[in-house]
Amino acid sequence: MNIDIETVAAITIITNILQVVFIALQFFLNRSFKGIGWWLIWSIFVALGFAFMILRYYGFLNESMGAFTQNASIIFGLIALYIGILRFLERKENKILIYSLYGVYVIINFVYSFIYNRADVRSIVLNLSIFLLVLFSCLAIYRYKYESIKISANFVAIFMMVQGVFFLLKVIANFRNPSYGYYLSPDINTKLAYFFGLVGGLFLTFGLLAMINQKLNSDIFAAKEHFENIFNTGPDASLIINNNDGRIITVNNSFCLSTGYSKNEVIGKTTSELNIWKNAENRAEVYKMLKSNSSLENLEFEFRKRDGSLITGILSGTIIRFNNESHMIAVVHDITLRKNYEKQ
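As the structure is a prediction and not an experimental result, all values here were calculated from the model. (Residues numbered from 1 in each chain as written. Predicted model: local features only at pLDDT ≥ 70, side-chain atom pairs only at ≥ 80, totals over all residues. Heavy atoms only, no water.)

A. View of the overall build of the protein. In terms of regular secondary structure, the protein is built from 12 helices and 5 strands. Here the C-alpha radius of gyration of the protein, 31 Å, is well above what a compact globule of 344 residues would show, namely 20 Å. If you line up the protein on its principal axes, its C-alpha atoms span 100 × 40 × 30 Å. A buried classification covers 44% of the 344 residues belonging to the protein. If you take every contact in the protein between residues at least 6 apart in sequence, the share linking residues at least 24 apart comes to 59%. A total accessible area of about 18,700 Å² is found for the protein, and carbon and sulfur atoms account for 63% of it. Here the protein contributes 31 positive and 24 negative side-chain charges, whose respective centroids are spaced 5 Å apart. (Helix = DSSP H or I, 4+ residues; strand = E, 2+ residues; numbered from the N terminus. Rg over C-alpha atoms; globule rule 2.2 N^0.38 Å. Buried < 20%, exposed > 50% of the residue type's maximum accessible area, 1.4 Å probe, protein only. Contact = heavy atoms within 4.5 Å. Areas by Shrake-Rupley, 256 points an atom, 1.4 Å probe, with all protein chains shown as cover. Lys, Arg positive; Asp, Glu negative; His and termini not counted. Charge placed at Lys NZ, Arg CZ, Asp CG, Glu CD.)

B. Local environment of the layout of surface pockets. Quantified by volume, the second largest pocket comes out at close to 430 Å³. Within the residue set of the lining of the second largest pocket, elements represented by two or more residues are helix H3 (63-88), helix H4 (95-115) and helix H5 (119-144). With 7 residues, the single largest contributor to the lining of the second largest pocket is H4. Here the residues of the lining of the second largest pocket sort into 15 nonpolar, 2 polar and 2 charged. (1 Å grid on protein atoms, 1.4 Å probe; cavity = no way out; pocket = protein on both sides within 12 Å on 5 of 7 lines; lining within 4 Å. Points joined across faces, edges and corners; volume = space filled by probe spheres on them. Nonpolar A, V, L, I, M, F, W, Y, C, P; charged D, E, K, R; others polar.)

C. View of the side chain of Asn-109. Relative to the elements of secondary structure, Asn-109 occurs in helix H4. Among the polar contacts made by the side chain of Asn-109, one reaches the main-chain carbonyl oxygen of Phe-68 at a distance of 3.0 Å. Residue contacts for Asn-109: discarding those within four places in its chain leaves Ala-67, Phe-68, Asn-71, Ala-72 and Arg-122. (Polar contact = N/O pair within 3.5 Å; in protein donor to acceptor, adjacent residues only side chain to side chain.)

D. Broad picture of the pattern of salt bridges. Tallying each qualifying case throughout the model produces 11 salt bridges. Here Arg-306 and Glu-265 are joined by a salt bridge, their closest N and O atoms 2.8 Å apart. Here the residue Arg-306 occupies a position in the loop between strand E3 (295-304) and strand E4 (310-322), and Glu-265 occupies one in helix H9 (residues 263-266), the gap between them amounting to 41 residues. Judged by its relative accessible area of 49%, Arg-306 is partly exposed. The network of salt bridges with common partners includes Arg-56, Glu-63 and Arg-122. (Salt bridge = Lys/Arg side-chain N within 4 Å of Asp/Glu carboxyl O.)

E. Fine view of empty space enclosed by the protein. What the rule picks out here adds up to 1 cavity of 30 Å³ or more. When contributions to the lining of the largest cavity are tallied by element, the ones reaching two or more residues are strand E1 (237-242), helix H8 (253-259), helix H11 (280-293), E4 and strand E5 (325-334). Split by residue class, the lining of the largest cavity holds 14 nonpolar, 5 polar and 2 charged.

F. The arrangement of the packing of H5 against helix H6 (residues 150-176) in detail. Between H5 and H6, whose axes approach to 8 Å, the crossing angle comes to 160°. Classified by the interaxial angle, the pair formed by H5 and H6 is roughly antiparallel. Considering the relative orientation of H5 and H6, their crossing is left-handed. The residue makeup of the contact of H5 with H6, split by class, is 18 nonpolar, 5 polar and 1 charged. (Axes fitted to C-alpha atoms, helices over the stretch in contact; angles between N-to-C directions. Parallel < 35°, antiparallel > 145°, perpendicular 65-115°, else oblique. Left-handed = near helix turned anticlockwise from the far one by under 90°.)

Written as structure tokens, this is what we have:
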């Protein structure tokens, strides 16, 4: 089946619009991550570049204005992609250098669009600029990538380098044949350019989304590990209880030292089954307060240890959600020694 170049160009534009939607969704879901906003700008301006191309083809923009806006939008989009990669990897771009170079590009693009109207020069400058920006983006990923996103980052870098080589070959072809690569030429080379724009955009978007997800998973794991370290090394007895069935999910080492129970003895059981409360009605009182306030602080209760002896503790607790279920984190500060001293 022979697909005309106009159809290929239209499919590319539709794909770019879908890229904008996907990246915009990630931007709104992960605003705390740096760089994604710049990737959204990249997708918008590349889509605009192809839109200007269609407007140029159907006569809504003249040749000079269409070429100028199309090329300027695409290059600005790739600059945004490069900045986004640096920001995502916690690096800062050289703003003066980047915007100065873009200014030079815009001037050259303007001169060869409105003054000389040389499509061959525009094509060489455009493809060479794309190659350089792709190269800089690859180098940034290679130098600054985190270990946690290594797989997805390498995928993005390798695929972008393949794209860069293609556009470098286009520059060489333009030098050999100035008429090569007109934006709507029905030849196989122009179709390949759109193919790389179509497939390349999809794969690049997929790679960027994979980087976001890997970083998100890494951050979640780090936060979980940080919480576990604080929970397990805290000086006060701490436990997490599932509010749906009242069963203990986990306890820290201080809980074991204070009560005499091992973790295996308490996990999966309720505080009622362990007979931890001296007064059972205190347990109901605590759950009633948590139900109405979601937290409680500095309430004094007596608890029963494994050997039956009693300790006095100051209880604080709060409601959290994980795995789509309600849980309570309870912390008990042992004040038994202080209470015994006060009685003397």
